[in-house]
Amino acid sequence: DKFYKEDPKHRHKRLVAKETAAKNTLADDEDFEGIIMGESNRKVFKHNGVKFICGKSGDTFKSIADDTEIPEWQIRNFNDMKKKDLIKEGQVIYIQAKKNKAKQQFHIVQPGETLHDICQKHAIKLKMLCKYNTLSKDAILFPNQKLKLR
């Protein structure tokens, strides 16, 4: 792994930058307190009361399952993802079931956002977001569209 071969000071700065980028994709009103989990040295954070980690370069559902001791299928389920989906570096990966409701009442859609993006941002289940807004899981969203989160 290239991170472990570089100078520890630079490695720390790069990891902090990636974690900061991941947290910036989440709702603004949350405190993020990182704890180290197991031998994998993954930081675990909480958002809307739900634990998450940040995807690392080369992560797969299997590598995360091995690190967290949570079955692959359950990680995919927690994140509303399919077997074929890939994990990106810095991506928020929930390691607990997301909530049925967000802390905020509404979300205003930004250009390019998907229902999945919004669910990950607010740590809520995709099926609940669809139910609140009478939308299908593959619905096309529009900028400035107002979505209910509870």
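The rules we used
Residues numbered from 1 in each chain as written. Predicted model: local features only at pLDDT ≥ 70, side-chain atom pairs only at ≥ 80, totals over all residues. Heavy atoms only, no water. Helix = DSSP H or I, 4+ residues; strand = E, 2+ residues; numbered from the N terminus. Buried < 20%, exposed > 50% of the residue type's maximum accessible area, 1.4 Å probe, protein only. Areas by Shrake-Rupley, 256 points an atom, 1.4 Å probe, with all protein chains shown as cover. Pairing = 2+ DSSP bridges. Arc of directions from axis to C-beta. Polar contact = N/O pair within 3.5 Å; in protein donor to acceptor, adjacent residues only side chain to side chain. Salt bridge = Lys/Arg side-chain N within 4 Å of Asp/Glu carboxyl O.

> I'd like to hear about the overall build of the chain, residue by residue, with values.
Tallying secondary structure elements over the chain gives six helices and six strands in all. When the helices and strands of the chain are read in sequence order from the N terminus, they spell out α-α-β-β-β-α-α-β-β-α-α-β. The buried share of the chain, reckoned over its 150 residues, is 40%. By element, 51% of the accessible surface of the chain is carried by carbon and sulfur atoms, the whole surface being about 9200 Å².

> For the pairing of strand β3 (residues 50-54), give the residues involved together with the corresponding values.
Burial runs high along β3: four of the five residues are buried. When β3 meets strand β4 (residues 92-94), the two strands line up antiparallel, connected through three bridges. The residue bridging Phe52 from the neighbouring strand is Tyr94, located in β4.

> Tell me about helix α3 (residues 61-68), and name the residues and values.
The complete set of buried residues in α3 reads Phe61, Ile64, Ala65 and Thr68. When α3 is viewed along its axis, its buried side chains cluster within an angular range of 100 degrees and face the same direction. Within two residues after α3, Glu69 carries a phi angle of roughly 60 degrees, on the positive side.

> Go over the side chain of His122 with me, naming the residues and quoting the values.
In this structure, His122 sits in helix α5 (residues 115-122). By relative accessible area, which is 5% here, His122 ends up buried. Side-chain polar atoms of His122 contact the side chain of His107, separated by 2.9 Å.

> How would you explain the pattern of salt bridges if you had to name every residue and give the values?
Pairing is possible between side chains of opposite charge, provided their charged atoms come close. Per the counting criterion, the structure on display carries five salt bridges. One network of salt bridges, with partners in common, ties together Arg42, Asp59 and Asp67.

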